[in-house]
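For reference, the chains in residue letters:
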Amino acid sequence: MSDLHPRALPRPNPFASDPTTSDSMIEKAYNTCLELEAKHEQVVKAFDVRLPTLICARFLGYMLLEAPTQGGRAELAWEIDRCASENCTELQELAQLYSDHLLRVFPRTMGPTRNSTPTTAQSHPSESAPPLDFHRDRVAKSSRSSSPPTTHADAKEQALIRDNHRCVVCRKVDITSKKKGLTTNQPNEFLTKTHLAHIFDRSTDLNEDLHDNSKSTYAASAHAILFRFGQISSLEELNGPGIHRLQNAMTIDAVMHELFADLTIWFERNGDDPPHHYRLAASDEGVIAGFSRNIVFTTPDEERLPLPDPRYLALHAACARVAHLSGAGEYIDEVLRDLETTGVLAPHGSSDVLYHALVRRTDIDAF
């Protein structure tokens, strides 16, 4: 795999001869993106849309190409066709809407988020650490529990057990787990500090109360887009404490966590790959040089300690590829700077018409 850089949409239309396309909607939608790309310099930029028109065209086009499911691709094609017009204003707003909501649901911070409640300070493992038997008993009890985690701490503990106290990417041993006597490292195994990595971020509007009018519009849109494009019922699966479910978490090296959160690395799989077998991919090959590209997620108990959900990882991979191929990656950082500065997302691309189309078609009640 070569490095991923912004590039023109593939031509000719790859959906023109796709036997899986039941009608011409997807082909027509992709043609709309090609046309917008070709004439982007002549198109008047829509008001309150920060994405350059060229990136709008490529963002929507690559979303069609990289959609993780055929259903999600068809839904997006319907929206593109509905927004197509002579002045291309609604197409630009659609690209802005999707980039603001879809790309934001992935984690962008390390450790506890700025909005989370600080955990009680803990002493260094070498200072006043409980007896090793205490930790072993706690692990045994956790592994027997059938209750899904509802807090960051519970999810981290269960993920460490499931992932054998090792980073799922580099296989380095969690140094804290070793100090607590929960695992040992072989002479050829390195130690590292690991984090609990959420696939979908616990600090985003997926966790907001839909009955809070000040936040419900954005939250409903985020859930609607995940349902439409990713075919993921996030309102049932990820809302509230559901964000900590093990299907949305993994143990990962601290540096790898930052790269995963920034959509710099991701996990890909083909349809013929065995379940939970992936290939490590990156926007720059140098980032993963020296690492095994074959990643296999395993668990000692599939029922009590479930593996990361393939749908979540597929959507993460699709969004990573779209961000890099379309050139929208720098825009993601701009959005985050706005969030850090103002605490809210600027209302770009929040067309009432598009919002209500998304929410009403998904049957999400915002109020």
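Before reading on, note that the structure itself is shown above.
The shown structure was predicted, so the numbers you read here are calculated from the model rather than taken from an experiment. (Residues numbered from 1 in each chain as written. Predicted model: local features only at pLDDT ≥ 70, side-chain atom pairs only at ≥ 80, totals over all residues. Heavy atoms only, no water.)

(A) Spotlight on the pattern of salt bridges. A complete count under the given rule lists 15 salt bridges for this structure. For the salt bridge of Arg321 with Glu66, the shortest nitrogen-to-oxygen distance reads 3.1 Å. Of this pair, Arg321 sits in helix α11 (residues 310-326) while Glu66 sits in helix α2 (residues 53-66), and the two are 255 residues apart along the sequence. Given a relative accessible area of 18%, Glu66 falls into the buried group. Through salt bridges with shared partners, a single ionic network connects Glu237, Arg245, Asp309 and Arg311. (Salt bridge = Lys/Arg side-chain N within 4 Å of Asp/Glu carboxyl O. Helix = DSSP H or I, 4+ residues; strand = E, 2+ residues; numbered from the N terminus. Buried < 20%, exposed > 50% of the residue type's maximum accessible area, 1.4 Å probe, protein only.)

(B) Up close: the sheet that holds strand β6 (residues 277-282). If you walk across this open sheet you meet the three strands as β5-β6-β7, and the pairing is antiparallel. The open sheet is flanked by β5 (265-268) and β7 (294-296), the only strands paired with a single partner. In this sheet, neighbouring strand axes are inclined to one another by 40° on average, regardless of whether the strands run parallel or antiparallel. As judged from the three bridges shared by β6 and β7, these two strands associate in the antiparallel manner. Considered in β7, the bridge of Tyr278 is made with Ile295. (Pairing = 2+ DSSP bridges. Axes fitted to C-alpha atoms, helices over the stretch in contact; angles between N-to-C directions.)

(C) Looking closely at the pairing of β6. Bridging between β5 and β6 involves four bridges; their strand directions are antiparallel. Bridge pairing in β6 places Phe267 opposite Leu280.

(D) Broad picture of the packing of α2 against helix α3 (residues 70-83). With their axes 9 Å apart at the nearest point, α2 and α3 run at an angle of 155° to one another. If you check the angle between α2 and α3, you find them roughly antiparallel. Here α2 and α3 pass one another in a crossing that is left-handed. Across the interface between the two elements, Leu60, Met63, Leu64 and Leu65 of α2 pack against Arg73, Leu76, Ala77 and Ile80 of α3. Residues that form the contact of α2 with α3 fall into these classes: seven nonpolar, no polar and one charged. (Parallel < 35°, antiparallel > 145°, perpendicular 65-115°, else oblique. Left-handed = near helix turned anticlockwise from the far one by under 90°. Contact = heavy atoms within 4.5 Å. Nonpolar A, V, L, I, M, F, W, Y, C, P; charged D, E, K, R; others polar.)

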